[in-house]
Amino acid sequence: MKRALKILGCLVVAFLLAGASLLGVAWSKSESALAEVHRARPAQLLVVRDPEALERGRHLAMTRGCTDCHGENLEGLMLMDGQPMGRLYGSNLTLLGKADPAQLERAIRQGLAADGRSLTLMPTIDYAGLSDSDTAALIAHLQSLPALGLPTPAKAPGVLPRLLWLFDQFPLISHAEVAGRKIARQEYTPAVTVEYGGYVAQVCQGCHNPYFSGGPMSGAPPEAPVPANLTPDASGLLGWNEQQFIAAMRTGVRPDGRSLDRFMPWMTFSRMSDLELRALWLYLQSLPARPTGARG
């Protein structure tokens, strides 16, 4: 019995030492990745601050997910503050009035801070393909906001997101989502077309993946639901029609009467115009039917 307990004790010690070593590797590698300075992709934006551009920018901020992480008035939002996740805040965007527009473009579309280091937990993949005119309009809107509150605390990722990142299960390094990818940025005329629907759909990629097949999301908290399959598959939107899709986006209620989970920011997307939602529906219906979670 004593021998068995001794062996068990040795195994526990070995397990703890291995765990501590793994956490040390995750911390060291993530610190190096967060400290790395990246070369930004140059962009030439014409930031116009006329009423039309400001309204377009406001619409984008309200419908493309900015308020979900940065607060309803974009004054900053605490997302998590405590171990093992660490301190994660959506920054106060109302304090950007004097920021360099080129710096803001890098943050929005490239996931880079002013010093060239990667932002943390910015869903860059959702905004990397934003057109020049829409990016400029969004910047104009952000810089027109009255300053509210104070700067939010700096992000300090805890041990769990670093460990998950080590195994490619958490998007800790925002710039990594788009680094090395050729992302076509073109201007789109708002219209009920598959092409414009694909442009609108970019904001869905962060949760539903670039194939829109849903499935388990890397690094999601345990209470988060599995993102739905948005393709016309039997496990997805097969059997839905345009009216039902738009109603779900507007009310948060599926055709079968079930409510969408609050993790799905349908209230944000409900602010989209009918044109945007109809175009989005056309695009999703044009996709190949894929089983939930299928990639490629």
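All values reported here derive from a predicted model rather than from experimental measurement.

Basis of the calculations
- Residues numbered from 1 in each chain as written.
- Predicted model: local features only at pLDDT ≥ 70, side-chain atom pairs only at ≥ 80, totals over all residues.
- Heavy atoms only, no water.
- Helix = DSSP H or I, 4+ residues; strand = E, 2+ residues; numbered from the N terminus.
- Rg over C-alpha atoms; globule rule 2.2 N^0.38 Å.
- Buried < 20%, exposed > 50% of the residue type's maximum accessible area, 1.4 Å probe, protein only.
- Contact = heavy atoms within 4.5 Å.
- Axes fitted to C-alpha atoms, helices over the stretch in contact; angles between N-to-C directions.
- Parallel < 35°, antiparallel > 145°, perpendicular 65-115°, else oblique.
- Left-handed = near helix turned anticlockwise from the far one by under 90°.
- Nonpolar A, V, L, I, M, F, W, Y, C, P; charged D, E, K, R; others polar.
- Polar contact = N/O pair within 3.5 Å; in protein donor to acceptor, adjacent residues only side chain to side chain.
- Pairing = 2+ DSSP bridges.
- Salt bridge = Lys/Arg side-chain N within 4 Å of Asp/Glu carboxyl O.

## Looking at the overall build of the chain
Phase 1: Scanning the chain from terminus to terminus reveals 11 helices and three strands.
Phase 2: Going from N to C terminus, the chain has its helices and strands arranged as α-α-α-β-β-α-α-β-α-α-α-α-α-α.
Phase 3: Scaling as 2.2 N^0.38, a compact globule of 296 residues should have a C-alpha radius of gyration of about 19 Å, and the chain matches this with 21 Å.
Phase 4: Summarising its shape, the C-alpha atoms of the chain cover approximately 75 × 50 × 35 Å along the three principal directions.
Phase 5: Buried positions account for 39% of the 296 residues belonging to the chain.
Phase 6: Sequence-distant contacts in the chain: of pairs separated by 6 or more residues, those separated by 24 or more amount to 70%.

## Brief notes about the packing of helix H4 (residues 101-110) against helix H5 (residues 132-144)
Phase 1: Contact geometry for H4 and H5: axes closest at 10 Å, N-to-C directions at 115 degrees. If you check the angle between H4 and H5, you find them roughly perpendicular. Considering how the two elements wind past one another, H4 and H5 form a crossing that is right-handed. On H5, the residues that touch Pro101, Leu104, Glu105, Ile108 and Arg109 of H4 are Asp132, Thr135, Leu138, Ile139 and Gln143.
Phase 2: Across the contact of H4 with H5, the residue classes break down as five nonpolar, two polar and three charged.

## Here's the deal with the environment of Arg117
Phase 1: Residue placement: Arg117 occurs in the loop between H4 and H5.
Phase 2: For Arg117, a relative accessible area of 38% puts it in the partly exposed group.
Phase 3: Considering only alpha carbons, one finds Arg117 and Gln243, 126 residues apart in sequence, at a separation of 44 Å.
Phase 4: Once you skip the residues sitting within four places of it in the chain, Arg117 turns out to touch Leu34, Ala35, Glu36, Val37, Gly111 and Leu112.
Phase 5: At 2.8 Å, the side chain of Arg117 forms a polar contact with the side chain of Asp115.

## What about the packing of helix H9 (residues 242-251) against helix H11 (residues 274-286)?
Phase 1: Contact geometry of H9 with H11 gives a least axis separation of 10 Å together with a crossing angle of 125 degrees. Taken together, the axis directions place H9 and H11 in an arrangement best described as oblique. Our pair here, H9 against H11, has a crossing hand that is right-handed. When H9 is examined against H11, the residues Glu242, Phe245, Ile246, Met249 and Arg250 are found in contact with a partner set consisting of Asp274, Leu277, Arg278, Leu280, Trp281 and Leu284.
Phase 2: Of the residues assigned to the contact of H9 with H11, the class counts are seven nonpolar, no polar and four charged.

## Examining the sheet that holds strand E1 (residues 77-82)
Phase 1: Taking strand neighbours across the sheet as the criterion, the three strands line up as E1-E2-E3 in an open arrangement whose pairing is antiparallel. Strands with a single pairing partner mark the edges of an open sheet, and in this sheet they are E1 and strand E3 (156-157).

## Overview of the pattern of salt bridges
Pairing between side chains of opposite charge can happen when the charged atoms of each approach one another.
Phase 1: By the definition in use, this model includes 13 salt bridges.
Phase 2: Its salt-bridge partner being Arg58, residue Glu55 comes within 2.8 Å of it at the nearest N-O pair. On the criterion of helical spacing, the pair formed by Glu55 and Arg58 is a turn pair, its members being three residues apart in helix H2 (residues 51-63).
Phase 3: Connected through shared salt-bridge partners, Arg56, Arg64, Asp134 and Glu276 make up one network.

## Points about the side chain of Gln110
Phase 1: Locating Gln110 in the fold gives a position in helix H4.
Phase 2: If we skip the residues at most four places from it in the chain, Gln110 touches Ala40, Arg41, Glu105, Thr124, His175, Val178 and Arg185.

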